[in-house]
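Tertiary structure, described
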Amino acid sequence: MNRFVIADPQLCIGCGTCMAACSTAHKAEGLQTHPRLTVMRHKQATAPVLCRHCEDAPCAQVCPVNAITQEQGSVVVNESLCVGCTLCAIACPFGAIAIDGSRPVDMANSYDTYIPSTVHSSNPSTSSPQCFGKDILAWEPGVKSIAVKCDLCQSTTGSPACIEVCPTKALFLVEEQGMADASQSKRNEAALDVSTIALERQES
């Protein structure tokens, strides 16, 4: 069974700390900074939505370049293979995949130098050492739109960053043993309810 992070909406206060921590943790590893989870608000309830790491992941099935694979009990995206076709985002039943611009981890920053524009060159004007052009025409060599989804912070040590920083402990990691324990607990409750109903009928 794949592991995944889930939130308890009764505990979530919608503070967004989990999103900030996710962004910071991945930025430190040279990955895109877009958070892998999104806090959603519905009437009086709030809870972050993120990848459930499906066993038969539809996002992986539709990926034309096999950039999404099952690894170590989770579903991960290879940023360097992703072509940004958005099929995975469309296929995800939870809306847990976003498309964001980023420089792939293994792409050299060979263009991060100031290149002045002259009347005899085809280089666009450079407004900063890492960006060409201005305003909506600005672009950064090597940066492309790629899929962003929860990877359970595989590139970092410890538990996922969102779980560690949640002030109300609304987020928790679901693993196979935890799922088995929860199922057993529900079976015990169901059996107790049936026994209670049977006793009430006998007494009446």
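The protein carries the name 4Fe-4S dicluster domain-containing protein in an unreviewed UniProt entry, which gives Photobacterium sanguinicancri as its organism.

1. Observations concerning helix 1 (residues 17-28)
For helix 1, spanning twelve residues, the distance from its first C-alpha to its last is 17 Å, which sits close to the expected 16 Å at 1.5 Å a residue. Contacts made by the buried residues of helix 1 are with strand 2 (38-42), strand 3 (45-49), helix 4 (161-165) and strand 10 (171-174). Just beyond helix 1, the residue with positive phi is Gly30, at close to 80°.

2. Looking at the nonpolar core
Residues Val5, Cys59, Ile68, Cys162 and Leu171 are the most contacted members of the largest nonpolar core, which totals 31 residues. Among all residues touching Val5, those that are not within four sequence positions of it are Leu50, Cys51, Leu152, Pro160, Cys162, Ile163, Leu171, Phe172 and Leu173.

3. Concerning the pairing of strand 3
Where strand 2 meets strand 3, five bridges bridge the pair, whose relative direction is antiparallel. Along strand 3, the bridge assignment pairs His42 with Ala45. Between strand 2 and strand 3, which follow one another and run antiparallel, lie two residues, and Lys43 among them has a positive phi close to 55°.

4. Concerning the environment of Val165
Relative to the assigned elements, Val165 resides in helix 4. Under the relative-accessibility criterion, Val165 is labelled partly exposed at 34%. In this structure, the C-alpha to C-alpha distance between Val165 and Ala21, residues 144 residues apart in sequence, is 7.0 Å. Contact partners of Val165, with chain neighbours within four places excluded, come to Thr17, Cys18 and Ala21.

5. What to know about the state of the cysteines
The final tally for this structure, using the stated rule, is zero disulfides. Not engaged in a disulfide, the cysteine Cys18 finds its nearest cysteine sulfur in Cys15; these two sulfurs lie 6.3 Å apart. Free of any disulfide, Cys166 has its nearest cysteine sulfur in Cys15, 6.2 Å distant.

6. What to know about the pattern of salt bridges
Under the defined criterion, the tally for this structure stands at one salt bridge. Glu79 is paired through a salt bridge with Arg36; the nearest N and O atoms lie 3.8 Å apart. Residue Glu79 is located in the loop between strand 5 (74-77) and helix 3 (87-91), and its partner Arg36 is located in the loop between helix 1 and strand 2; the two are separated by 43 residues in the primary sequence. For the pair Glu79 and Arg36, one class covers both residues: buried.

7. Considerations on the pairing of strand 4 (residues 68-71)
The sheet contact formed by strand 4 and strand 5 spans four bridges and is antiparallel. Bridged to Glu71 within strand 5 is Ser74. Between strand 4 and strand 5, which pair antiparallel and follow one another directly, the connecting turn spans two residues, one of which, Gln72, has a positive phi of 50°.

The rules we used
- Residues numbered from 1 in each chain as written.
- Predicted model: local features only at pLDDT ≥ 70, side-chain atom pairs only at ≥ 80, totals over all residues.
- Heavy atoms only, no water.
- Helix = DSSP H or I, 4+ residues; strand = E, 2+ residues; numbered from the N terminus.
- Expected span 1.5 Å × (residues − 1).
- Contact = heavy atoms within 4.5 Å.
- Core = buried A, V, L, I, M, F, W, Y, C linked by side-chain atoms within 4.5 Å.
- Buried < 20%, exposed > 50% of the residue type's maximum accessible area, 1.4 Å probe, protein only.
- Pairing = 2+ DSSP bridges.
- Disulfide = S-S within 2.5 Å.
- Salt bridge = Lys/Arg side-chain N within 4 Å of Asp/Glu carboxyl O.

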